[in-house]
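Letter by letter, the chains look like this.
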Amino acid sequence: MSIKNSNIKTDDIKTIIGACPHDCPDTCSMLISVQSDKVLGVRGNPDHPFTRGRLCAKVINYQDRVNSSQRILHPMRRIGSKGSGQFRRISWDEALKEIGDCWNKIIDDDGPQAILPYSYLGTQGIINGLNVGDPFFNRLGATIGERTFCDSGASTAIIMTIGDSAAVDPESLVHSKYIILWACNILSTNSHLWPFIAEARKRGAKLVVIDPFRTRTARKADWHIPILPGTDGALALGIMHILIKENLVDQDYIDKYTLGYDELKIRVEDYDPETVSVATGIAAEDICTLAREYAGNNPAVIRIGVAIERHAGGGQTVRALACLPALTGAWRKPGGGILQMTTWAHPVNWGQLMRPDMLPESPRVLNLWRLGQALVDELSLDPPIKSLMIYNANPVVTGADQNKIIAGLQREDLFTVVSEQFMTDTARYADILLPATTQLEQEDIMFSWGHLYMTYNNRAVSPLGEAISNSELFRRLAYVMGFDDDPYFKRSDDQMIEEAIIWESPMLKDVDLETLKEKGYVRLNIPGPDHYAPHAEGNFRTASGKCEFKSSVAVSGNFVLPLLRQGYDGDQPKDTVDPLPHYIPPRETPQTNKILAKKYPLNLISPKSHTFLNSSYGNMKRQLRSAGRQFILIHPEDAKSRKIETDQKVKIFNDRGSFIASVTVTEDVMPGVLIAPSGYWLEQNQGKGTVQSVTSSQFSDLGRAPTFSDILVEIKSTYSGNEKSK
Ligand SMILES: Nc1nc2c(c(=O)[nH]1)N[C@H]1C(S)=C(S)[C@@H](COP(=O)(O)OP(=O)(O)OC[C@H]3O[C@@H](n4cnc5c(=O)[nH]c(N)nc54)[C@H](O)[C@@H]3O)O[C@H]1N2
Ligand SMILES: Nc1nc2c(c(=O)[nH]1)N[C@H]1C(S)=C(S)[C@@H](COP(=O)(O)OP(=O)(O)OC[C@H]3O[C@@H](n4cnc5c(=O)[nH]c(N)nc54)[C@H](O)[C@@H]3O)O[C@H]1N2
Ligand code: SF4
Ligand SMILES: [Mo]
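Remember, predicted model here, so these are calculated numbers, not experimental data. (Residues numbered from 1 in each chain as written. Chains lettered and ligands numbered in written order. Predicted model: local features only at pLDDT ≥ 70, side-chain atom pairs only at ≥ 80, totals over all residues. Heavy atoms only, no water.)

Hey, could you go over the overall build of the protein chain for me, with residue numbers and the actual values?
Scanning the protein chain from terminus to terminus reveals 24 helices and 28 strands. Relative to its length of 726 residues, the protein chain is compact, with a C-alpha radius of gyration of 25 Å against a globular reference of 27 Å. Taken along its principal axes, the extent of the C-alpha atoms in the protein chain is 70 × 65 × 55 Å. The buried share of the protein chain, taken over its 726 residues, is 64%. (Helix = DSSP H or I, 4+ residues; strand = E, 2+ residues; numbered from the N terminus. Rg over C-alpha atoms; globule rule 2.2 N^0.38 Å. Buried < 20%, exposed > 50% of the residue type's maximum accessible area, 1.4 Å probe, protein only.)

What follows is the structure in structure tokens.
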């Protein structure tokens, strides 16, 4: 059976082919049942080879999100104090006029750089997602909000080592003989990859999970290796040490297709199993077994999670991991190599989306992890930020150092505009709140960072209330600010979709937009998963064409993150980076910061919730029921010494802030480590903070990636439950 868009009609019920909008590697093709312009339900498209007819626990009842009575459906102006959530309905004309007047005044008084856009991937759609506001803010001359929220450290490392290559087709994992899921809880975060792993296991593959926490994925593995957070770089270098010492390498592959092997050999001499064991908490013999099994079972694949980068040395960790498959020649066959992101293969016209040519001569860039610091004037910005425009993001819950963000948002002299679907913890601080459509009310086209299909989202229903898509929002803002002299800002969604894709790319051979709309998806023109081994004979997308153990980018200092900074790379700092992979220990651990660890001895990790998508769905009944209230997992040893028991209410704190959670004592987590899933809203939390109140906005070593897993905290029981959060 092949499903065609809109062609199936049962009585009045139509089926529309859409696409899940979320920042998730699976980018599912969705079938939407619609009756009389109302969404009845959604399901996974059975024809899509990656979706295979299934949606995840977050999105399975997406109709409830669309039709929710909690939706923001009209523009509103704040009438209560900031954060009170008290608003009054206004018209679109009033809202736009107020925004235009305020911004024009700020531009006159302080210059356009006093305006800061803050956005991310609330929707990942190519026209409504990452870059939708960039041309507008470029032309305005606003401060550029650099978005290194996710994968920028890993991406920098991958590009340095193997280049911007899709590298491994996730579907080719069926051919893998040895699968390492490294800092990756795929049953929650990349669940459509699982059937391919299951098939490989049926064919005899071994599944290894490396994670400080026995996740639902780790429970299913053949071998779960608990590791101290942030020490994976040491393990990767330790594996190299054994591969080289025991001559388990593919010398022919190394000779032909790699750069810097002799220097790497010297570099890894220090990482003997005993030293690595001390750093990682893994027994030396297990490190040896892992290295031998990895080398002995080709093709072997490493699937890394984004979580791997969130430590002081996250970038160099990924550098080391990306070197491994070239040492063993794992690249030679389909199903071998390292799988990070497949984004690079998608023929998206990023330049046309970002329009860096509209930037003023010397723009100012602010990394958005520093929002709190910027707003409370810790960065001495000149001009200071006088207006914030937040869309596609919920920084109060997903940004680091929450207390500073909230303090900043409370500033009476800050004019905050938020475009949202729901009254999030961030939206509550808006001066003007604008209603945003959901994916089913808008048209879009999707790339994927976890498979090799372009996916199309046909609009299923009319926008609810006065909600508008982000593309329409920026058309209206452009009009208000007088940018309608440029036809670029007046383009329809259809035109935007046409121009956003490089249709003449060989990746889209024989594909046209109409077919894509009808079918809902198309595989990129890449050999099938049984044949795709792009680096079987080198062909790495680096300057040398080789896998660069010794990085030429590090030698030149030319690190570029244009996708994350609106196309601007004029002021990239020339970081000094060691060209060879090496181990940078975490910043905040009892081993590396003894003074801090005296006060705060436990390392806190805040992984993804199974039923939330970052903070999205944190307000939805079904997902909340399944997630329960904010909880924290602690090892029995750590609990015992603090007289903490399961179900007790506890306060988790450090110098930055605190939050309240209920405890589960379990051996699923390593001693010295606490696990508190992220995504819970302030509103649902007891006390005044979420996990983010203790996280830090410091960067990792590459790509200005976050380090919110590199933090120390202490935990104590709270009997009253009334204690104020710091
Ligand atoms: N259900 C669900 N799915 C999601 C999301 C969501 O919020 N919810 N978010 C989406 C997004 S934006 C992203 S970026 C991806 C992220 O996907 P993942 O990277 O898989 O997500 P995390 O849960 O953050 O981390 C995965 C695992 O890494 C472990 N970990 C943490 N630190 C370390 C470490 O130092 N070393 C090792 N070896 N393991 C470590 C954690 O214990 C966790 O089990 O998921 C996407 N999918
Ligand atoms: N402690 C901790 N912090 C983290 C993480 C973690 O694992 N732990 N993960 C990090 C990672 S990997 C990521 S990617 C970031 C994610 O951070 P965010 O991108 O802020 O993620 P969300 O919480 O999903 O917020 C997206 C918001 O956009 C809104 N939205 C959805 N669609 C639209 C739309 O079409 N228009 C508009 N205007 N709004 C829309 C949603 O309602 C939602 O409130 O968080 C990071 N922060
Ligand atoms: S969140 Fe991910 S797994 Fe769930 S439906 Fe969307 S794309 Fe699929
Ligand atoms: Mo992410």
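What follows continues from the structure just given.
Quick rundown of the confidence of the model for the protein chain? Include the residues and the values.
The pLDDT averaged across the protein chain works out to 95; a share of 97% of its residues lies at or above 70. Ignoring residues within four places in sequence, the model shows residues 721-726, a span with pLDDT below 50, making 14 contacts including any to other chains. (pLDDT = per-residue confidence, 0-100. Contact = heavy atoms within 4.5 Å.)

Account for the site of ligand 3, naming residues and giving values.
Taken together, Cys-20, Cys-24, Asp-26, Thr-27, Cys-28, Leu-55, Cys-56, Lys-58, Val-59 and His-192 make up the full set of residues near ligand 3. Because more than half of its atoms lie within 2 Å of the grid, ligand 3 is assigned to the second largest cavity. For the shell around ligand 3, the class distribution of residues is six nonpolar, two polar and two charged. (Near = heavy atom within 4 Å. 1 Å grid on protein atoms, 1.4 Å probe; cavity = no way out; pocket = protein on both sides within 12 Å on 5 of 7 lines; lining within 4 Å. Sits in = over half its atoms within 2 Å of the grid points. Nonpolar A, V, L, I, M, F, W, Y, C, P; charged D, E, K, R; others polar.)

With reference to specific residues and values, describe the site of ligand 2.
Around ligand 2, 32 residues are found, and the nearest of them are Ser-419, Glu-420, Lys-608, Ser-615 and Gln-692. A distance of 3.1 Å separates an oxygen atom of ligand 2 from a polar side-chain atom of Arg-65. With respect to ligand 2, the side chain of Asn-392 contributes an N or O atom lying 3.4 Å from a nitrogen atom. In the complex, the protein chains occlude 97% of the 930 Å² of accessible area that ligand 2 would expose alone. Across the shell around ligand 2, the residue classes tally to 10 nonpolar, 17 polar and five charged. (Polar contact = N/O pair within 3.5 Å; in protein donor to acceptor, adjacent residues only side chain to side chain. Areas by Shrake-Rupley, 256 points an atom, 1.4 Å probe, with all protein chains shown as cover.)

Give me the sheet that holds strand E14 (residues 337-339): which residues, what numbers.
By way of backbone hydrogen bonds, the strands of a sheet pair with one another, either parallel or antiparallel. What the five strands build is an open sheet, ordered E11-E10-E9-E13-E14; its pairing is parallel. Across the chains shown, the open sheet's two edge strands, defined by having one partner strand only, are strand E11 (223-225) and E14. Recorded for the sheet is a direction-independent mean angle of 20 degrees between the axes of neighbouring strands. In this structure, strand E10 (residues 206-210) lies alongside E11, joined through three bridges in parallel fashion. Among the inter-strand pairings, Ile-210 is bridged to a residue of E11, identified as Ile-225. (Pairing = 2+ DSSP bridges. Axes fitted to C-alpha atoms, helices over the stretch in contact; angles between N-to-C directions.)

Which residues make up the pairing of strand E24 (residues 631-634), and what values go with them?
As judged from the four bridges shared by E24 and strand E26 (residues 657-665), these two strands associate in the parallel manner. Residue pairing in the sheet places Ile-632 in a bridge with Val-663 of E26. Sheet topology note: the E24/strand E27 (residues 673-675) ladder contains two bridges and is antiparallel. Residue pairing for E27: Ile-634 is matched across the bridge by Leu-674.

Go over the nonpolar core, please, and point to the residues and values.
Among the nonpolar cores identified, the biggest contains 84 residues, and Trp-182, Leu-235 and Leu-290 are the most heavily contacted of them. Setting aside chain neighbours within four positions, we find Leu-235 in contact with Trp-182, Ile-210, Ile-227, Val-276, Thr-280, Ile-282, Ile-287 and Leu-290. Within the second largest apolar cluster, 64 residues are counted, among which are Ile-385, Tyr-429, Ile-497 and Trp-503. (Core = buried A, V, L, I, M, F, W, Y, C linked by side-chain atoms within 4.5 Å.)

Before we move on, can you summarise empty space enclosed by the protein with the specific residues and values?
Summed over the entire model, instances satisfying the criterion amount to six cavities of 30 Å³ or more. Around the largest cavity, the lining is made up of 15 residues, and of these Val-132, Phe-474, Tyr-488, Arg-491 and Met-496 lie nearest the centre. Those elements that place two or more of their residues in the lining of the largest cavity are helix H3 (134-140), helix H14 (350-354) and helix H18 (470-480). Sorting elements by how many residues they give to the lining of the largest cavity places H18 first, with three residues. (Points joined across faces, edges and corners; volume = space filled by probe spheres on them.)

An account of the packing of helix H8 (residues 232-245) against helix H13 (residues 314-328) is needed here, citing residue identities and associated values.
The angle between the axes and the distance between the axes are what describe a pair of packed helices. The geometry of H8 relative to H13 is characterised by a closest axis approach of 8 Å and an angle of 25 degrees between their N-to-C directions. Looking at the two axes, H8 sits roughly parallel to H13. Relative to H13, the crossing made by H8 is left-handed. Every residue of H13 that contacts H8 at Asp-232, Gly-233, Ala-236, Leu-237, Ile-239, Met-240 and Leu-243 is listed here: Thr-317, Ala-320, Leu-321, Cys-323, Leu-324, Leu-327 and Thr-328. Residue classes in the contact of H8 with H13 are distributed as 10 nonpolar, three polar and one charged. (Parallel < 35°, antiparallel > 145°, perpendicular 65-115°, else oblique. Left-handed = near helix turned anticlockwise from the far one by under 90°.)

Break down helix H11 (residues 273-280) for me, with residues and values.
Buried within H11 we find Pro-273, Val-276, Ser-277 and Thr-280. For H11, the buried positions fall inside an angular range of 105 degrees around the axis, keeping them on one side. Turned more than 90 degrees away from the buried face of H11 sit Glu-274 and Val-278, all of them exposed. Of the surrounding elements, those touching the buried residues of H11 are H8 and helix H12 (284-296). Phi turns positive one or two residues past the end of H11, at Gly-281, with a value near 80 degrees. (Arc of directions from axis to C-beta.)

Any details on unusual backbone geometry? Residues and values, ideally.
A cis amide bond links Asn-298 with the next residue in sequence, Pro-299, at an omega value of 0 degrees. Secondary-structure assignment places Pro-299 in the loop between H12 and strand E13 (300-304). Cis geometry is adopted by the peptide bond preceding Pro-383, which originates at Asp-382 and carries an omega value of 0 degrees. Summarising the element assignment, Pro-383 is placed in the loop between helix H15 (371-375) and strand E16 (387-391). Of note in this structure, Arg-355 is not a glycine but carries a positive phi near 50 degrees.

Report on the pattern of salt bridges, specifying residues and quantitative values.
For the coordinates displayed, the defined rule picks out 40 salt bridges. Lys-97 is paired through a salt bridge with Asp-101; the nearest N and O atoms lie 2.7 Å apart. Taken as a pair, Lys-97 and Asp-101 lie in helix H2 (residues 92-110) at a separation of four residues, close to a single helical turn. Each member of the salt-bridge network shares a partner with another, and the members are Asp-250, Asp-252, Lys-256 and Arg-332. (Salt bridge = Lys/Arg side-chain N within 4 Å of Asp/Glu carboxyl O.)

Before we move on, can you summarise the sheet that holds strand E18 (residues 432-435) with the specific residues and values?
An order of E6-E5-E18-E17-E16-E7 is seen for the six strands of this open sheet, with the pairing classed as mixed. Among the strands making up the open sheet, the edge pair consists of strand E6 (87-89) and strand E7 (115-119). Going across the sheet, the axis of each strand differs from the next one's by a mean of 20 degrees, ignoring polarity. Here H2 sits on the sheet in contact with strand E5 (76-78), E7, E16, strand E17 (415-420) and E18, set at roughly 130 degrees to E18.

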